[in-house]
Amino acid sequence: MVIWSHLSCNLKAMERKNIGIIGIGRIGEVHLCHLVQSAQVNVTYLVDIEPVHGKIRNLVKQYGLQNVKVINTEEVTHMLSDKLLDAVLICSPVFGKPHKKSELVKFALQAGKHVFCEKPVDLDPSVVEECYKLAEDHRKTLQCGFDKRFDISIRKMYDKIKAGDLGELRMIKLVARELPAWINADYLKSSGGIVVDSAIHELDLICWLSGERPESAVCFGHAKNPMFKECNDVECAMIMLKFPSGLVGYIENVRGVPYGYDQRFEVRTRKGDALYRESIYHTSSVVE
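If you check an unreviewed UniProt entry, the protein appears there as Inositol 2-dehydrogenase from Mytilus galloprovincialis. Looking at the protein in UniProt, the text filed under Sequence similarities (unreviewed entry) is "Belongs to the Gfo/Idh/MocA family."

Set out below in structure tokens:
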């Protein structure tokens, strides 16, 4: 797991570290799966708003977590007071109850724990800056879960751009499509919406790749599926961005394509009189 490897670099090697996971939803389960396969950590706490639901019971049994403590989110301060706990993964919604995600980040850092936080830490930039300043003051790692930055092919594209190999950027186009099986009403209601939950990855990448922040943005979306309408969300979103340099950004984000997980990244640049195009494709052939 690339993200965990990055976080663990500040922890002493060859010692199994004790980890707590807050939020055992879709992404919390993904991280748990990776952590239990690591020889570097012990998962000692699972925290959720409903600690005894069937999913957690099944996960504890599946992974043989005999010594794990399962608690609800109201008891999170009890977990953070455990001196044997080294780090926490925060996988709860941005505006989760009884604590916002950024509040959990602050609690953990103040308790002297390293923190990995799923994106976004908060929707208020000043709160995000406050969290990172707190991590610096306490000399702890705070990492936000923009995992696509760790994709090898995207990193190669980033390195080419920064080295000037591609010339002046003209357009960046990012496409992200997900399987229908990943989406249900319960998930949509707590996700924060397609932009906060999904397109945020592409928004992060486009700013990271370009080294700029957009000066204007336009977004269109639709919800033909009644489930998305009922959850006040959209199943397809198109975002157009204009940057100070003149660079144009295009993001297409779709939830529920039947043919598989599909990610595409394209950079168009001008090198002299030639138009350069670099494309990366990550697709699967899974069909529902």
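Further notes follow.
*Asks:* Help me get a handle on the environment of H222, residues and values and all.
*Replies:* Relative to the elements of secondary structure, H222 occurs in strand β8 (residues 216–222). Each C-alpha atom of the pair H222 and A237 lies 6.9 Å from the other, and the pair is 15 residues apart in sequence. Leaving out residues up to four positions away in the same chain, H222 has contacts with V234, E235 and C236.

*Asks:* Break down the side chain of N253 for me, citing the residues and quoting the values.
*Replies:* Within the fold, N253 resides in strand β10 (residues 248–255). Judged by its relative accessible area of 1%, N253 is buried. A polar side-chain atom of N253 sits 3.2 Å from a polar atom in the side chain of S198. Of note is the side chain of N253, whose polar atom sits 3.3 Å from the side chain of E202. Not counting residues up to four positions away in its chain, the partners in contact with N253 are A176, I194, S198, A199, E202, E235, C236 and A237.

*Asks:* Residues and numbers for the state of the cysteines, please.
*Replies:* Considering all chains together, one arrives at 0 disulfides under this definition. C91 takes part in no disulfide bond, and the closest cysteine sulfur, belonging to C117, lies 8.1 Å away. Between C219, a cysteine without a disulfide, and C236, which holds the nearest cysteine sulfur, the sulfur-to-sulfur distance is 9.4 Å.

*Asks:* Break down helix α9 (residues 194–210) for me, citing the residues and quoting the values.
*Replies:* Taking 1.5 Å of rise per residue, 17 residues should cover 24 Å, and α9 covers 23 Å from first to last C-alpha, within 8% of that figure. A maximum bend of about 55 degrees is found in α9 at I200. For α9, the buried fraction is high: 14 of the 17 residues fall into the buried class.

*Asks:* Run through helix α6 (residues 125–137), naming residues and quoting values.
*Replies:* If you check α6, its first and last C-alpha atoms are 18 Å apart, about what 13 residues at 1.5 Å a residue would give, namely 18 Å. Buried residues of α6: V127, C131, L134 and A135, and no others. The arc that holds every buried residue of α6, seen down its axis, measures 100 degrees, which confines them to one face. For α6, the exposed residues lying more than 90 degrees away from the buried face are P125, E129 and E136. Taken from the residues just after α6, R139 is the one with a positive phi, measuring 55 degrees.

*Asks:* Break down the packing of helix α7 (residues 152–163) against α9 for me, citing the residues and quoting the values.
*Replies:* A pair of packed helices is characterised by two quantities: the angle between their axes and the separation of those axes. At a minimum axis distance of 9 Å, the contact between α7 and α9 shows a crossing angle of 30 degrees. Facing I154, R155, M157, Y158, I161 and K162 of α7, the residues of α9 in contact are L205, W208, L209 and S210. Considered class by class, the residues forming the contact of α7 with α9 number 7 nonpolar, 1 polar and 2 charged.

*Asks:* I'd like to hear about the layout of surface pockets, residue by residue, with values.
*Replies:* In this structure, the second largest pocket occupies an estimated 700 Å³ of space. Lining of the second largest pocket is provided by 23 residues; of these, D122, F146, I200, D204 and R213 occupy positions nearest its centre. Contributing elements (two or more residues each) for the lining of the second largest pocket: α6 and α9. Looking at the lining of the second largest pocket, the element that brings in the most residues is α9, giving 8 residues. Partitioned by chemical class, the residues of the lining of the second largest pocket number 17 nonpolar, no polar and 6 charged. When residues of the lining of the second largest pocket are assigned to domains, at least three fall in each of domain 1 (17–145) and domain 2 (149–281).

Calculation criteria
- Residues numbered from 1 in each chain as written.
- Predicted model: local features only at pLDDT ≥ 70, side-chain atom pairs only at ≥ 80, totals over all residues.
- Heavy atoms only, no water.
- UniProt positions renumbered as here; feature names shortened; annotations may be inferred.
- Helix = DSSP H or I, 4+ residues; strand = E, 2+ residues; numbered from the N terminus.
- Contact = heavy atoms within 4.5 Å.
- Buried < 20%, exposed > 50% of the residue type's maximum accessible area, 1.4 Å probe, protein only.
- Polar contact = N/O pair within 3.5 Å; in protein donor to acceptor, adjacent residues only side chain to side chain.
- Disulfide = S-S within 2.5 Å.
- Expected span 1.5 Å × (residues − 1).
- Bend = angle between axes of the 7 residues up to and from the residue.
- Arc of directions from axis to C-beta.
- Axes fitted to C-alpha atoms, helices over the stretch in contact; angles between N-to-C directions.
- Nonpolar A, V, L, I, M, F, W, Y, C, P; charged D, E, K, R; others polar.
- 1 Å grid on protein atoms, 1.4 Å probe; cavity = no way out; pocket = protein on both sides within 12 Å on 5 of 7 lines; lining within 4 Å.
- Points joined across faces, edges and corners; volume = space filled by probe spheres on them.
- Domains from an automatic or database assignment.

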